[in-house]
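Overview (structure and organization)
Read off the chains here:
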Amino acid sequence: MDLRIFTEPQQGASYDTLLTVAKAAEDLGFDAFFRSDHYLHMGGVDGLPGPSDAWITLAGLARETQRIRLGTLMTAATFRLPGVLAIQVAQVDQMSGGRVELGLGAGWFEEEHRAYGIPFPKEKFARLEEQLAIVTGMWRTPVGETFSHEGAHYRLTDSPALPKPAQSKVPVLIGGHGATRTPRLAAQYADEFNMPFASVEDSERQFGRVRAAAEAAGRKGDDLVYSNALVACMGKDDAEVARRAAVIGRKVEELKENGLAGSPAEVVEKIGRYAEAGASRIYLQILDLDDLDHLELISSQVQSQLG
């Protein structure tokens, strides 16, 4: 079971804070550092010092880390033109020496689009599908050849499809709860399917749909990595768990129901249930980025038992 650190910087985090967390995650042996791609805070926080751009952040981290993989859960297809996104991700992959992964989703948070003047189209899923075709198609195009795309939303003509990523194939992540279109899209384009903030039972059901869609598309179901994203709130004892839950404005029982909360033993047991459902990777949503002791506890008391 791979454990990855997943952050939500729109809730309030500077680049320096993210760098500190990424370096700590690397030093503590976590597999990857991921971040959300949002420009507006959510809930009862002020979001200070303000939003940071996901791919600018990852470019900086690419130069200041050595081993840990870097990526997004999820980049919004509404935020960037697909040709530009292909360039950005390929460049950051080069800067990292081939450690980047691209999570790409349709985009959903209408308020942040209004706040920053980003168009929020009614039909987002079809745009996401075209973006996936364009980004992956540009990366696959051999050097010296050109890439063209004629779609309902995007048109590219004789693109040189450069630069190329350092990796021969940048892993692409697709996720979500949709019962039909999402599994089909994952089967066509994804290297990993992520189920965000879902129960063991819902995860197992959705993983099954994705496996079936992959097999219908001529792939093996096991060609994909299956993962979950879950909020993490652990402590050595009940008092420490309660303190950490209070800091992030959540109730302990709710966190135990909907995330990975409690003692290390409780968390290991619940991760085992997700593993039985088919997950081989967990993204730990860390909401208090100043609490590096939390990461150390997870590393020493949970990750050590899952290796």
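Summarised in this report is the structure supplied together with it. (Residues numbered from 1 in each chain as written. Predicted model: local features only at pLDDT ≥ 70, side-chain atom pairs only at ≥ 80, totals over all residues. Heavy atoms only, no water.)

**Some points on the side chain of Glu112**
Note the cut-off: Only DSSP runs of H or I with at least four residues qualify as helices, and only runs of E with at least two residues qualify as strands; both kinds are numbered from the N terminus onward. Residue exposure (1.4 Å probe, protein chains only): buried if accessible area is under 20% of the type maximum, exposed if over 50%, otherwise partly exposed. We treat Lys and Arg as the positive residues and Asp and Glu as the negative residues; His and chain ends play no part in the count. Should a side-chain nitrogen of Lys or Arg be within 4 Å of a carboxyl oxygen of Asp or Glu, the pair is scored as a salt bridge. Here, two residues are considered to be in contact whenever any of their heavy atoms come within 4.5 Å of each other.
Position of Glu112 relative to the elements: it lies in helix H4 (residues 110-115). Despite its burial, Glu112 pairs with no opposite charge; the closest candidate is Arg35, at 8.7 Å N-O. Those residues in contact with Glu112 that sit more than four places away from it in its chain are His38, Tyr39, Leu40 and Phe79.

**Focus: the environment of Ala77**
Examined against the element boundaries, Ala77 turns out to sit in the loop between strand S4 (75-76) and helix H3 (82-96). Classification of Ala77 as buried rests on a relative accessible area of 4%. When neighbours within four sequence positions are excluded, Ala77 is seen to be in contact with Leu104, Gly105, Ala106, Gly107, Leu128, Gln131 and Tyr154.

**Observations regarding a negative patch on the surface**
Selection criterion: Nonpolar side chains (Val, Leu, Ile, Met, Phe, Trp, Tyr) within 5 Å and like charges within 9 Å form the patches, drawn only from residues with over 30% relative accessible area and no salt bridge. Computed with a 1.4 Å probe, the accessible areas rest on the Shrake-Rupley method; for each residue, only the protein chains presented here act as cover. For the purpose of locating charges, the reference atoms are NZ of Lys, CZ of Arg, CG of Asp and CD of Glu.
A surface patch of negative charge is lined by Glu201, Glu204, Glu269 and Glu276. Elements with a minimum of two residues in the negative patch: helix H7 (200-216) and helix H10 (264-277). You can call Glu204 partly exposed: its relative accessible area is 45%.

**A word on H10**
So the rule is basically this: For a helix, the expected span equals 1.5 Å multiplied by the residue count minus one. In this description, the arc belongs to the directions extending from the helix axis to the C-beta atoms.
When the terminal C-alpha atoms of H10 are compared, their 20 Å separation across 14 residues agrees well with the 20 Å that a helix rising 1.5 Å per residue should span. Taken as a whole, H10 has its buried residues at Pro264, Val267, Val268, Lys270, Ile271, Tyr274 and Ala277. The arc that holds every buried residue of H10, seen down its axis, measures 165°, which confines them to one face. Facing away from the buried side of H10, by more than 90 degrees, are the exposed residues Ala265 and Glu276. The first or second residue beyond H10 is Gly278, which carries a positive phi of 125°.

**Notes on the environment of Val252**
Examined against the element boundaries, Val252 turns out to sit in helix H9 (residues 252-258). With relative accessibility at 22%, the residue Val252 sits in the partly exposed group. Separated by 188 residues in sequence, Val252 and Glu64 have C-alpha atoms that sit 35 Å apart. Excluding residues within four positions of it along the chain, Val252 makes contact with Val241, Ala242 and Ala245.

**Some remarks on the packing of aromatic side chains**
Rules: Here a Phe, Tyr or Trp ring, Trp counted by its six-membered ring, pairs with any other such ring whose centre lies within 6.5 Å, and the pair is stacked when the planes are under 30 degrees apart, edge-to-face when over 60, and tilted otherwise. Geometrically, a charge over a ring is one whose NZ (Lys) or CZ (Arg) sits within 6 Å of the ring centre while staying within 35 degrees of the ring normal.
Overall, the coordinates contain six aromatic pairs when judged by the stated rule. Relative to Phe109, the ring of Trp108 lies with its centre 5.1 Å away and its plane at 25°, an arrangement referred to as stacked. Among the aromatic side chains, those forming a connected cluster through ring pairs are Tyr39, Phe79 and Tyr116. Geometry around Phe125 places Arg181 over its ring, the cationic atom sitting 4.1 Å from the centre.

**Observations regarding unusual backbone geometry**
Working note: non-glycine residues mostly have negative phi, and peptide bonds are mostly trans. With an omega dihedral of -25°, the bond running from Leu73 to Met74 counts as a cis peptide bond. Cis geometry marks the peptide bond from Leu162 to Pro163, where omega comes out at 5°. The topology assignment puts Pro163 in the loop between strand S7 (155-159) and strand S8 (172-175). One non-glycine residue, Phe197, lies in positive phi territory at about 50°.

**Some points on the pattern of salt bridges**
The tally for this structure, following the rule as stated, stands at 19 salt bridges. Here Glu150 ties to Arg155 by a salt bridge, and the two come within 2.8 Å at their closest N and O atoms. In terms of burial, Glu150 and Arg155 fall into one category: exposed.

**What to know about the pairing of strand S12 (residues 281-286)**
Heads up, the rule is: Should DSSP find at least two bridges between two strands, the strands are regarded as paired.
In terms of residue burial, S12 counts as a mostly covered element, since six of its six residues are buried. The alternating pattern of S12 places Arg281, Tyr283 and Gln285 and Ile282, Leu284 and Ile286 on opposite faces, both of which are buried. The pairing of strand S10 (residues 225-234) with S12 spans five bridges and is parallel. Counted as the bridge partner of Leu230 is Leu284 from S12.

**With respect to the side chain of Thr78**
Let me state the cut-off plainly: Any pair of N or O atoms that falls within 3.5 Å is considered a polar contact. Within protein, one atom must be able to donate a hydrogen and the other to accept it, and sequence-neighbouring residues count only if both atoms are side-chain atoms.
Counting through the fold element by element, Thr78 comes out in the loop between S4 and H3. Side-chain polar atoms of Thr78 contact the side chain of His113, separated by 2.7 Å. In this view, Thr78 contacts Ala106, Gly107, His113, Ile118, Pro119, Pro121 and Lys124; residues no more than four positions away in its chain are not counted.

**A look at H3**
Taking 1.5 Å per residue as the helical rise, H3 with its 15 residues ought to reach 21 Å, and the 21 Å between its terminal C-alpha atoms agrees with that figure. Along its buried surface, H3 packs onto helix H2 (54-64), S4, strand S5 (100-105) and helix H5 (125-140). Directly after H3, the chain includes Gly97, whose backbone phi takes a positive value near 75°.

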